[in-house]
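A look at the structure
Below, each chain spelled out in residue letters.
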Amino acid sequence: MAEYDFLEEKVPLKIGIRYPETTMLKVLGFLMGLVLMVVTLLITGFSLTGFLLLLIGIILALFGQLLTPYTIFPSEKLPKLNALFLLIGTGLVVAGIAILGANNAELSDPSQLSFGQYLLLTVLGITFVLFIEYNHASLRFDDVLDSATRHSQEVFDVGPVLKNYYKAGSTLMVFIAGATLLLLVFNSILRWAALSANPQFGHSVVLHSVYVMAITLAIVFVPLGIFLLYYFEYMEEKLKKEEEEKRAKETAAIYT
Amino acid sequence: MWTKKAVLVVSLAILSILLGLALRNPLLLSMSAALLAYVSISVFANTAARLAAERKLSHEKIFEDGTAKAELLIVNRGGKTGFLEVRDKLPRQVQIKEGTNYTYLNLNPKGGATRLKYTMKFPLKGLYQIGPITLRTQDPFNLFYRESEVPEISEITVFPQVRDVKELYIKSKQPKIYPGEMKVKMPGPGTDFFAIRDYIPGDPFRDINWKAYASTGKLLVNERERLSVSDVTIVFDSREVSGIGMDSDNANLYGARAAATLANFFLKRRDSVQLVVYSDKVRTVKKGTGQKQLFEILTALASAEPKGDLPLGGIVEVVLPYMPRHSPVIVISNLEEDDTLSKAVSTMKVLEFDVTIISPNSIEFEIMAKQKKGIKVDPVAYNILRLERDILIQELMGYGVRVVDWKPAIPLTQVLLEARNY
């Protein structure tokens, strides 16, 4: 009688490319990190600490891509080693950008920013999103392949899924970039509206500092957040109702 | 539903806003704007999947270590599925030997279909449920997901493994006086007419069929339908304590294999076998012979999960009136946590049943499980437990019962041979 062990399988710690299918995502993730660094330095200028933090963050995120999902914490809910590297890397990248762009007199008044600078800030935002997305997608698809190969003996073809990901992801990214640019430019409309309503308010310090950007985000996203909360609830109810109707139909079909 | 990633992205966006305000850094604010746009747009990129599925199985009843093929047809009845994860839910004991029960795909709207084919291996006995099919649709960035199920469920019964045993000397002490009640479709000692055959020198004179001799001119003898040699009762302990150990090594599993092997052996020998399984309730397969009886016994053993704590004493009281007197009774139990054992065995002996106890040693199963998991085993505690078990076995043997202490390392055939000294 063969020995069967149903104890949890532990993933060994290994360094290397887990699946060649996701190499492109790893490369894109690393490239986005480099672009992010270049755009940040273009906007802010050079500072050693910020630059080093950014660089280490990008390297750590790349290193995380080359690790197996080795468990280091006792709970399954906590991140695995590769995800932890990505988290730390992202944190360092944010810290680097925070240091590089802190108290920058040229950038602190959004009313003085040109459209080109807004465009650069949009590129920065989108590059950061892409940096997170590609790095995470690489880990996610590696896990999908892991799961597929662990549960089957066949080679799982992730090609069509990745193709769809690039296609759908790129389309959505265009929308995200547009939305980001609109959000950043929206503060000009806000300032104009404030000026029309009350010139004193229109010339206030708040509307000529980064606070106006935060106010813009709050004006857009707080109502959107509330809407989404209700939207999720509505969708859940709708799904339940549909399922109940479907079941009722099936039961009726059985008894007729 | 939000994924962990979505929560982390929103948290990062909020952190960036706060840091951006504190450090007067517009870069962080533009990053948070992009992050929030990323999350908001993804909400609407997640669509629900409406699928229909059908599963075909090559076998619905197999033996341990057997394989069954499954073919799952999934058809999209709704719009575009987006990123869809499909998993045919399998019990964790099931191993996939070929193919896959999991896929990640993007089905075409209205009629787009995919087929999953896989071969499962069932190493352990039991009643297994295959399905439902779980679906998870995601947006391309895996920020939100929706889960649903297609209630397509199939069942597979996995019978315990049956070993081929050459000889067992477990039989009634007085097989001729108490031959049992079951007729077996073969010639032998009995009362009812079975067939006519040619006379062979040595046949009793009274068996000659004179009427047949008159019409054919040949000496022919009557044969009678044989009655079963003995009625064997197998009592199988499937209480919760029988599950001590690992999924693959425990008293319940070993005991079921022993019971299946014994039942197969006795039924092949044309004996009549009855099975009593006790767990949280008592399940009895009434005595019978033949393949159908074996099938019923195997089904009962397959579905005997470790649960409940009914005592053997109670079982003996309930089942005893239905047990053929003086017949062999084989109790398969780990003898754990049952205060009524001595009383039950003594009652059976008083009624002159030939009792044999095959006892898979749960202490050893527990030690094995602990060692496999890397848990330290306290030798003193286990030595005390072993001593207590030895005392109990000695006490039971004192009633004239044969007890076989079955350690996991001993193969089943050897254990059954140990029970032969009757």
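In this report, the structure presented in the accompanying data block is examined. None of these values were measured; they are calculated from a predicted model.

All names here are of chain B. Along its twelve residues, helix α8 (residues 362–373) runs 17 Å from first to last C-alpha, staying within 8% of the 16 Å computed at 1.5 Å per residue. Where α8 begins, the capping side chain belongs to N361, and its oxygen is found 3.1 Å from the backbone nitrogen of I363. The positive-phi residue at the C-terminal boundary of α8 is G374, with phi of around 80°.

Turning our eyes to something else, we now look at the sheet that holds strand β1 (residues 51–57) of chain B. What links the strands of a sheet is backbone hydrogen bonding, and the strands pair in either a parallel or an antiparallel sense. All names here are of chain B. The sheet built from four strands is open, its strands ordered β1-β3-β7-β5 with antiparallel pairing. If you trace the sheet from one side to the other, it starts and ends with β1 and β5 (95–99), each paired once. Along the sheet, successive strands turn relative to each other by an average axial angle of 30°, direction set aside. As paired elements, strand β3 (residues 66–76) and strand β7 (residues 113–122) share ten bridges and run antiparallel to each other. Of the residues in β7, the one forming a bridge with A70 is Y118.

Glancing now at the pattern of salt bridges. Charged atoms that come close allow side chains of opposite charge to pair. Residues and elements named next belong to chain A. Within this structure, the stated rule accounts for 23 salt bridges over all chains. In this structure, D146 engages R18 in a salt bridge whose closest nitrogen and oxygen atoms are separated by 2.8 Å. Pair noted here: D146 is in helix α4 (residues 115–151) and R18 is in the segment before α1 (23–44), with a separation of 128 residues, a long-range link. Comparing D146 with R18, the two get one shared label, buried. Each member of the salt-bridge network shares a partner with another, and the members are R18, K26, D142, D143 and D146.

We now examine unusual backbone geometry. Residues and elements named next belong to chain B. Here the amide bond leading from G131 into P132 is cis, since omega sits at 0°, within 30 degrees of zero. By secondary structure assignment, the location of P132 is in the loop between β8 (126–130) and β9 (133–138). One non-glycine residue, R24, lies in the positive phi region at around 50°. Turning to its location among the elements, R24 is positioned in the loop between α1 (4–23) and α2 (26–43). The exposure class assigned to R24 is partly exposed, which follows from its relative accessible area of 37%. Here the phi dihedral of E337 falls at roughly 45°; this positive angle occurs in a residue that is not glycine. On the secondary structure map, E337 appears in the loop between β18 (328–332) and α7 (341–350).

Procedures and definitions
- Residues numbered from 1 in each chain as written.
- Chains lettered and ligands numbered in written order.
- Predicted model: local features only at pLDDT ≥ 70, side-chain atom pairs only at ≥ 80, totals over all residues.
- Heavy atoms only, no water.
- Helix = DSSP H or I, 4+ residues; strand = E, 2+ residues; numbered from the N terminus.
- Expected span 1.5 Å × (residues − 1).
- Polar contact = N/O pair within 3.5 Å; in protein donor to acceptor, adjacent residues only side chain to side chain.
- Pairing = 2+ DSSP bridges.
- Axes fitted to C-alpha atoms, helices over the stretch in contact; angles between N-to-C directions.
- Salt bridge = Lys/Arg side-chain N within 4 Å of Asp/Glu carboxyl O.
- Buried < 20%, exposed > 50% of the residue type's maximum accessible area, 1.4 Å probe, protein only.

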